[in-house]
Amino acid sequence: MKRLLLAAAFGMLSISACAKAPATADDVEAAQAAAANAPESTKPAPGSPEERAVAAIAALNPEVKVEYVGKAPMPGFREAVVGGQVIYVSDDGNYLLFTGAGGALLDTRTQKNLSEATLGGMRNKLLKTIPASERIVFAPPNPKHTVTVFTDVECGYCRKMHEEIKQYNAEGIAVEYLAFPRMGIGSEGYNDMVSVWCSPDRKSALTRAKSSGEVESRNCRNTVADQYKVGQSVGLTGTPMIIARDGSQLGGYLPAKALRAALDKLEASDG
């Protein structure tokens, strides 16, 4: 799980998930201002907390470039800029705190995401509020793994994942879909997902909506809004969001074999 956790921590998962909402002009302006005012990086002195911070980051992922490292505004930590994101590393190099979307506290020695234990339990409690009958399930006989996937009918990566649903099933993975219309309740995407969930054949309706964008308009009592609110509560930052049985977030789109490998490793580490 080492690289998987680091991908999440350094924000690399965003390349395989559709954003929840587009950035505003203010967001872009703030990012540009922060970049313009960022201090220049210098080579850390040997044996310094800055050197330990850089070494800790390199141990987790040697391919990551540390653009800046210096004193943090809180005692006992250094701050570093990695891939345009600010992260914090304890002065002894043992802990890494990522404060961006999906923030996490990582133990650099064990490669464990210490935040996930708490978040995973919380996610599972929230997911249990959505009845099994309200999930759209694509599963093989006797699945080896089951994942919950928050999806949207308009998201390109959601469509790509569903195009490969037979490959996931062939890898022994059952996919339980929940609705997360990225543009919010009342949007066109939301209405399309309501139509899917109100269809007498939800699986066919979802497949048709993802493949062609055609959705027969329907309305009924449904839980799409409830599913959307749960998605917000579990920390969803983009779709698809894949959640393992223990509540761990496995990021955005992953090819079937890569997802199976990640689930196998997760199961082995839990065992």
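Structure shown above.
These numbers come from a predicted model, not from an experiment. (Residues numbered from 1 in each chain as written. Predicted model: local features only at pLDDT ≥ 70, side-chain atom pairs only at ≥ 80, totals over all residues. Heavy atoms only, no water.)

Draft legend 1. Molecular detail of the overall build of the protein. Within the protein, the regular secondary structure consists of ten helices and twelve strands. When each of the 271 residues of the protein is scored for burial, the buried share is 46%. The contacts in the protein between residues at least 6 apart in sequence include a share of 63% that link residues at least 24 apart. Surface exposure of the protein reaches about 13,700 Å², of which carbon and sulfur atoms provide 53%. (Helix = DSSP H or I, 4+ residues; strand = E, 2+ residues; numbered from the N terminus. Buried < 20%, exposed > 50% of the residue type's maximum accessible area, 1.4 Å probe, protein only. Contact = heavy atoms within 4.5 Å. Areas by Shrake-Rupley, 256 points an atom, 1.4 Å probe, with all protein chains shown as cover.)

Draft legend 2. Inspection of the pattern of salt bridges at higher detail. A complete count under the given rule lists ten salt bridges for this structure. Linking Arg 78 and Asp 91 is a salt bridge whose minimum nitrogen-to-oxygen distance equals 2.9 Å. With Arg 78 in strand S3 (residues 77-82) and Asp 91 in the loop between strand S4 (85-90) and strand S5 (95-98), this residue pair connects regions lying 13 residues apart in the sequence. For Arg 78, a relative accessible area of 12% corresponds to the buried category. Glu 176 is the partner of Arg 135 in a salt bridge, and the nearest nitrogen-oxygen pair spans 3.1 Å. A residue pair is termed long-range when its members are at least 10 positions apart, and Arg 135 in the loop between helix H4 (114-127) and strand S8 (136-138) and Glu 176 in strand S10 (residues 173-179) qualify at 41 residues. Here the residues in one salt-bridge network are Glu 50, Arg 78 and Asp 91, joined through shared partners. (Salt bridge = Lys/Arg side-chain N within 4 Å of Asp/Glu carboxyl O.)

Draft legend 3. Focus on the nonpolar core. Among the nonpolar cores identified, the biggest contains 32 residues, and Tyr 168, Val 175, Tyr 177 and Leu 259 are the most heavily contacted of them. At the level of secondary structure, the elements contributing two or more residues to this core comprise S8, strand S9 (145-151), helix H6 (165-170), S10, helix H7 (188-197), helix H8 (202-212), helix H9 (224-233) and helix H10 (256-270). Here this core gets five residues from one element, more than from any other, and that element is H7. Within the second largest apolar cluster, 13 residues are counted, among which are Val 64, Val 69, Val 82 and Val 89. (Core = buried A, V, L, I, M, F, W, Y, C linked by side-chain atoms within 4.5 Å.)

Draft legend 4. Geometry of the sheet that holds strand S12 (residues 241-243). Reading across from one edge, S8-S10-S9-S12 is the order of the four strands in this open sheet, with mixed pairing throughout. The open sheet has two free edges, formed respectively by S8 and S12, since each of these has just one partner strand. Averaged over all pairs of adjacent strands, the angle between strand axes in this sheet comes to 25 degrees, irrespective of strand direction. The sheet contact formed by S9 and S12 spans three bridges and is antiparallel. Of the residues in S12, the one forming a bridge with Val 149 is Ile 242. Across the sheet, H7 is in contact with S8, S9 and S10; its angle to S10 comes to roughly 125 degrees. (Pairing = 2+ DSSP bridges. Axes fitted to C-alpha atoms, helices over the stretch in contact; angles between N-to-C directions.)

Draft legend 5. Highlighting the environment of Asn 124. Note that Asn 124 resides in helix H4. Along the primary structure Asn 124 and Val 234 are separated by 110 residues, whereas in three dimensions their C-alpha atoms are 8.9 Å apart. Not counting the four nearest positions on each side in its chain, Asn 124 is found in contact with Arg 245, Asp 246 and Gly 247.

Draft legend 6. The packing of aromatic side chains, seen in detail. Using the criterion set out here, one finds three aromatic pairs in the structure. Judged by centre distance (4.6 Å) and plane angle (25 degrees), the ring pair of Phe 180 and Tyr 228 falls under stacked. Within this pair, whereas Phe 180 is found in the loop between S10 and H7, its partner Tyr 228 is found in helix H9, the two being separated by 48 residues in sequence. For Tyr 228, a relative accessible area of 10% gives the class buried. (Phe/Tyr/Trp six-rings, centres within 6.5 Å; stacked < 30°, edge-to-face > 60°.)

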